[in-house]
Amino acid sequence: MGGASVTANGGILVDLGETRYALDPHSHVRADYTFVSHAHIDHMHAPSKTEKVIASSVTGELAKARGYDLGRTTEEVEGVELLDSGHILGSRAIRIADEVYYTGDASGRTRAFLGKCRTRQARILVMETTYGTPEYVFPPTAKLVKEVNSVIASAYDRGNPVVLMGYPLGKAQLLSYFFSSWEPMIYHEKVATMNRIHIEHGVPLKRGTTFDPSKGLDDLPSGPWLMVSPMASGKSRVMSHLKKKYGAILVAFSGWALGQGYKFTMGADYSFPLSDHCDYQELLSLVRAVSPETVYTVHGFASEFAQDLRKLGFSARPLAPYQSSISDF
Ligand SMILES: [Zn+2]
């Protein structure tokens, strides 16, 4: 059996011997196995009935709750190893023989109930490089949590409620976890749905009341409260109403908050770089841990990071046809 080859065509294709693996395809691709790394929308598709889908059972469950039926998923395939990628609940990296290691989206640090991406050596590394430039190095999580707590404390002192915003699967559960000591706790219904599945899997998230903006915006309590919500612009209908009627303070969470102007673009009062991806240094550590001959980069700063790796002596290039929107979760 020869070595694996990696190509991109509507997804990442790995051919090893007679077997073809499609990794996180955007639509149905002819392959023996399809791997779905995690339940973010930009990594999922609607598989055909005959597709053999490799994914964690939690990813199958989260996908279903988001309208993607992955069918009967399996974690047990000969020659294939799934490893926790630390990105969100159920997220996995995949190692195919000792040839290919693919990260999916990966985190480089332990946060609350999530660990960091586990690695194994492989000849070819296919990695996400969302934050693959040196200016993206995230501060320690404990420091961010402390800063956010003081923002919430001063808003409460003035009688203002606070809305914490991040993508509804992953970030929102970390926010629910880190800031659970505040009362009363209100969850946007999209967050509440994802929280419920986390609780069923043993993640200790506090229950709170549910806010469904389609049922009205005027039933929230007066006085301070803390809401966890999907990311929305401060200029959106719901957020501008919460600001105007309740004096809500908007706080946005994203790795992009390290960039100039993110807070203003989002129309938020504060923004913090709490991320579920590796920062630049963590990406470099990941490459060293896998110790590959060849690296293919996908997402975000794929060209820039590949160039930096070449300077360090690696053979590296971006899998260019496989770029997707960085904001579409
Ligand atoms: Zn993701």
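Fair warning: this is a prediction, and the values are worked out from it, not measured in the lab.

What counts, and where the lines are drawn
- Residues numbered from 1 in each chain as written.
- Predicted model: local features only at pLDDT ≥ 70, side-chain atom pairs only at ≥ 80, totals over all residues.
- Buried ≥ 20, exposed ≤ 12 C-beta atoms within 10 Å, placed from the backbone.
- Helix = DSSP H or I, 4+ residues; strand = E, 2+ residues; numbered from the N terminus.
- Arc of directions from axis to C-beta.
- Contact = placed C-beta atoms within 7 Å.
- Pairing = 2+ DSSP bridges.
- Axes fitted to C-alpha atoms, helices over the stretch in contact; angles between N-to-C directions.
- pLDDT = per-residue confidence, 0-100.
- Core = buried A, V, L, I, M, F, W, Y, C linked by C-beta atoms within 7 Å.
- Domains from an automatic or database assignment.
- Nonpolar A, V, L, I, M, F, W, Y, C, P; charged D, E, K, R; others polar.
- Right-handed = clockwise from strand over helix to strand, strands pointing away.

### Notes on helix α7 (residues 280-290)
Here's step 1: Those residues of α7 that fall on the buried side of the exposure criterion are Tyr280, Glu282, Leu283, Leu286, Val287 and Val290. Buried positions in α7, seen along its axis, are confined to an arc of 165° and lie on one side of it.
Here's step 2: On its buried side, α7 packs onto β9 (100-102), β10 (124-128), β17 (294-298) and α8 (302-311).
Here's step 3: Positive backbone phi, approximately 50°, marks Ser291, located one or two places after α7.

### As for α8
Here's step 1: Where α8 is concerned, the buried positions are Ala302, Phe305, Ala306, Asp308 and Leu309. The arc that holds every buried residue of α8, seen down its axis, measures 160°, which confines them to one face.
Here's step 2: In this structure, the buried residues of α8 make contact with α7, β17 and β18 (315-318).

### Focus on the sheet that holds strand β16 (residues 270-272)
Here's step 1: Strand order in the open sheet formed by 6 strands is β13-β12-β14-β11-β15-β16, and the pairing between neighbours is parallel. Sheet topology places β13 (209-211) and β16 at the edges, where each strand pairs with a single neighbour. Taken over all neighbouring pairs, the strand axes of this sheet differ in orientation by 25° on average, direction set aside.
Here's step 2: In this structure, strand β11 (residues 162-165) lies alongside strand β15 (residues 249-253), joined through 4 bridges in parallel fashion. Residue pairing across strands places Val163 opposite Leu250, the latter belonging to β15.
Here's step 3: Contacting β11, β14 (226-229), β15 and β16, helix α2 (residues 141-158) crosses the sheet at an angle of about 160° to β16.

### Examining the confidence of the model for the protein
The predicted structure's coordinates, where accompanied by low pLDDT, should not be read in detail.
Here's step 1: Looking at the protein as a whole, its pLDDT mean stands at 93, while 97% of the residues score no less than 70.
Here's step 2: Within the model, pLDDT remains below 50 along residues 323-329, and this stretch shows 12 contacts once partners closer than five positions in the same chain are excluded.

### Concerning the nonpolar core
Here's step 1: Ranked by size, the top nonpolar core spans 93 residues in total, and within it Val100, Val126, Leu164 and Val251 carry the most contacts.
Here's step 2: Domain assignment of the residues forming this core places at least three in each of domain 1 (5-135 + 276-318) and domain 2 (141-272).
Here's step 3: Here Val126 is in contact with Val6, Ile12, Val100, Tyr102, Tyr296 and Val298, once residues within four sequence places are set aside.

### Points about unusual backbone geometry
Negative phi values dominate among residues other than glycine, just as trans dominates among peptide bonds.
Here's step 1: Residue Pro184 follows Glu183 across a cis peptide bond; omega there is -15°.
Here's step 2: Secondary-structure assignment places Pro184 in the loop between α3 (171-178) and β12 (185-188).
Here's step 3: Of note, the phi angle at Asp24 is positive, near 50°, even though the residue is not glycine.
Here's step 4: Mapped onto the elements of the fold, Asp24 is located in the loop between β3 (19-23) and β4 (33-35).
Here's step 5: When the 25 C-beta atoms within 10 Å are taken as the criterion, Asp24 is described as buried.
Here's step 6: One non-glycine residue, Ser291, lies in positive phi territory at about 50°.

### A word on the sheet that holds strand β7 (residues 80-84)
Hydrogen bonds between backbone atoms are what pair the strands of a sheet, whose relative direction is either parallel or antiparallel.
Here's step 1: Taken together, 6 strands build an open sheet; the order of strands is β7-β8-β9-β10-β17-β18 and the sheet is mixed. The sheet terminates laterally at β7 and β18, the two strands that pair on one side only. Each strand axis lies, on average, 15° off the axis of its neighbour in the sheet, ignoring direction.
Here's step 2: In this structure, β10 lies alongside β17, joined through 5 bridges in parallel fashion. Looking across to β17, one finds that Met127 is bridged to Thr297.
Here's step 3: Relative to the sheet, α8 contacts β17 and β18, its axis offset from that of β18 by approximately 170°.

### A word on the domain arrangement of the protein
Here's step 1: Each assigned domain of the protein is listed with its residue range as follows: domain 1 (5-135 + 276-318) and domain 2 (141-272).
Here's step 2: If you look at the interface, domain 1 gives 17 residues, while domain 2 gives 14 residues.
Here's step 3: By residue class, the composition of the side of domain 1 that touches domain 2 is 9 nonpolar, 3 polar and 5 charged.

### Details of the environment of Thr7
Here's step 1: Mapped onto the secondary structure, Thr7 falls in strand β1 (residues 5-8).
Here's step 2: A C-alpha to C-alpha distance of 7.5 Å links Thr7 and Leu319, two positions 312 residues apart in sequence.

### Description of the pairing of β12
Here's step 1: With 3 bridges joining them, β12 and β14 adopt parallel strand pairing. Bridge pairing in β14 places Met185 opposite Leu226.
Here's step 2: Taken together, the 3 bridges between β12 and β13 define a ladder with parallel strand orientation. Residue Tyr187 lies in a different strand from β13, and its bridge partner there is Thr210.
Here's step 3: Once the chain exits β12 it traverses helix α4 (residues 189-200) before rejoining the sheet at β13, and the crossover so formed is right-handed.

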